[in-house]
Amino acid sequence: MRVEGDSERASQRAPASEERNGRGAEKAGRAEVVRPRVRMTGKERREQLLDVGRSLFAEKGYGATSIEEIAARANVSKPVVYEHFGGKEGLYAVVVDREMQALLGRVTSALTAGHPRQLVEQAALALLTYIEDETDGFRVLTRDSPVVAASGTFGSLLNDIASQVEYILAREFDQRGLQTQLAGMYAQMLVGMVALTGQWWLEVRKPKRDEVAAHLVNLGWNGLRGLESEPSLSIGPAGRATP
């Protein structure tokens, strides 16, 4: 009788044991899904970390991105990030530097036309095309950050572009009898207008790129065509309209 009772109890325990074994096998299966680390050359790993950092900085900003997140997304340990860039600040500086050079290169190479209006069109299209093609890069450039890259900040990049526009405007001002020494100020106005419009368009994406560029040129170029040699305000010192 004991043998039969033991057999019955054993058969009752078997399903529970099998269930536990099944759960263990399932957990083991899930553990095996962990992505294996891919062996890369030093150059390949550096490029991968730059891509990962660029994506995270664009998504969350410099302050909200941690070394742990960068390492986890790249599937490496934190020391690997430190080895290549010395830390988050070093990685961010290289990302910003590359984007600055890429944007400046696009604008500079786009300025090939001889007519000033076409040059303004080319500059506007170059910036909007960069925003369209390299959205993450533009987000990184336009976010506030305590880190200054080797090539400066987004503001200094705009100054570099404005310097090229100033040269174009100075020639145009000279031909029209306008004060050439004011070309730098007008260049800052034009570049600032395009840059701020680009930041707005980054989020809304309407109208289409070429239409936005056409409206920018419409405002900028037609405004330049109607410049007065000696402009003055129509309001008095107190901000009231003069008779």
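First things first, this report covers the structure right here in the doc.

### A few points about the environment of Ala 110
In step 1: Mapping Ala 110 onto the fold places it in helix α5 (residues 88-110).
In step 2: A sequence separation of 14 residues divides Ala 110 from Ala 124, and the C-alpha atoms of the two residues are 9.6 Å apart.
In step 3: Among residues more than four places away in sequence, those in contact with Ala 110 are Gln 122 and Ala 126.

### Focus: the packing of aromatic side chains
In step 1: Inspection of every chain in the model, using the stated rule, returns six aromatic pairs.
In step 2: Where Phe 173 meets Tyr 186, the ring centres are 5.4 Å apart and the plane angle is 75°; that geometry is what we call edge-to-face. Of this pair, Phe 173 sits in helix α8 (residues 154-176) while Tyr 186 sits in helix α9 (residues 183-204), and the two are 13 residues apart along the sequence. Taken individually, Phe 173 and Tyr 186 each receive the classification buried, so the pair is uniform in this respect.

### What to know about α8
In step 1: With 23 residues, α8 should cover 33 Å at 1.5 Å per step; its first-to-last C-alpha distance of 32 Å lies within 8% of that length.
In step 2: Regarding α8, the residues found buried are Phe 154, Leu 157, Leu 158, Ile 161, Ala 162, Val 165, Ile 168, Leu 169, Glu 172 and Phe 173.
In step 3: Contacts from the buried residues of α8 go to α5, α6 (116-133), α7 (135-142), α9 and α10 (209-225).
In step 4: Positioned one or two residues after α8, Gly 177 has a phi angle of 75°, which is positive.

### So, α9
In step 1: Its 22 residues give α9 an end-to-end C-alpha distance of 32 Å, which sits within 8% of 32 Å, the value for a rise of 1.5 Å per residue.
In step 2: Taken together, the buried positions of α9 are occupied by Ala 183, Gly 184, Tyr 186, Ala 187, Leu 190, Val 191, Val 194, Ala 195, Thr 197, Gly 198, Trp 201 and Leu 202. In an axial view of α9, the angular spread of the buried residues amounts to 165°, which keeps them on one side of the axis. Exposed and oriented more than 90 degrees from the buried face of α9 are Leu 196 and Glu 203.
In step 3: The secondary structure elements touched by the buried residues of α9 are α6, α7, α8 and α10.
In step 4: Of the residues one or two after α9, Arg 205 is the one with positive phi, at around 55°.

Thresholds applied
Residues numbered from 1 in each chain as written. Predicted model: local features only at pLDDT ≥ 70, side-chain atom pairs only at ≥ 80, totals over all residues. Heavy atoms only, no water. Helix = DSSP H or I, 4+ residues; strand = E, 2+ residues; numbered from the N terminus. Contact = heavy atoms within 4.5 Å. Phe/Tyr/Trp six-rings, centres within 6.5 Å; stacked < 30°, edge-to-face > 60°. Buried < 20%, exposed > 50% of the residue type's maximum accessible area, 1.4 Å probe, protein only. Expected span 1.5 Å × (residues − 1). Arc of directions from axis to C-beta.

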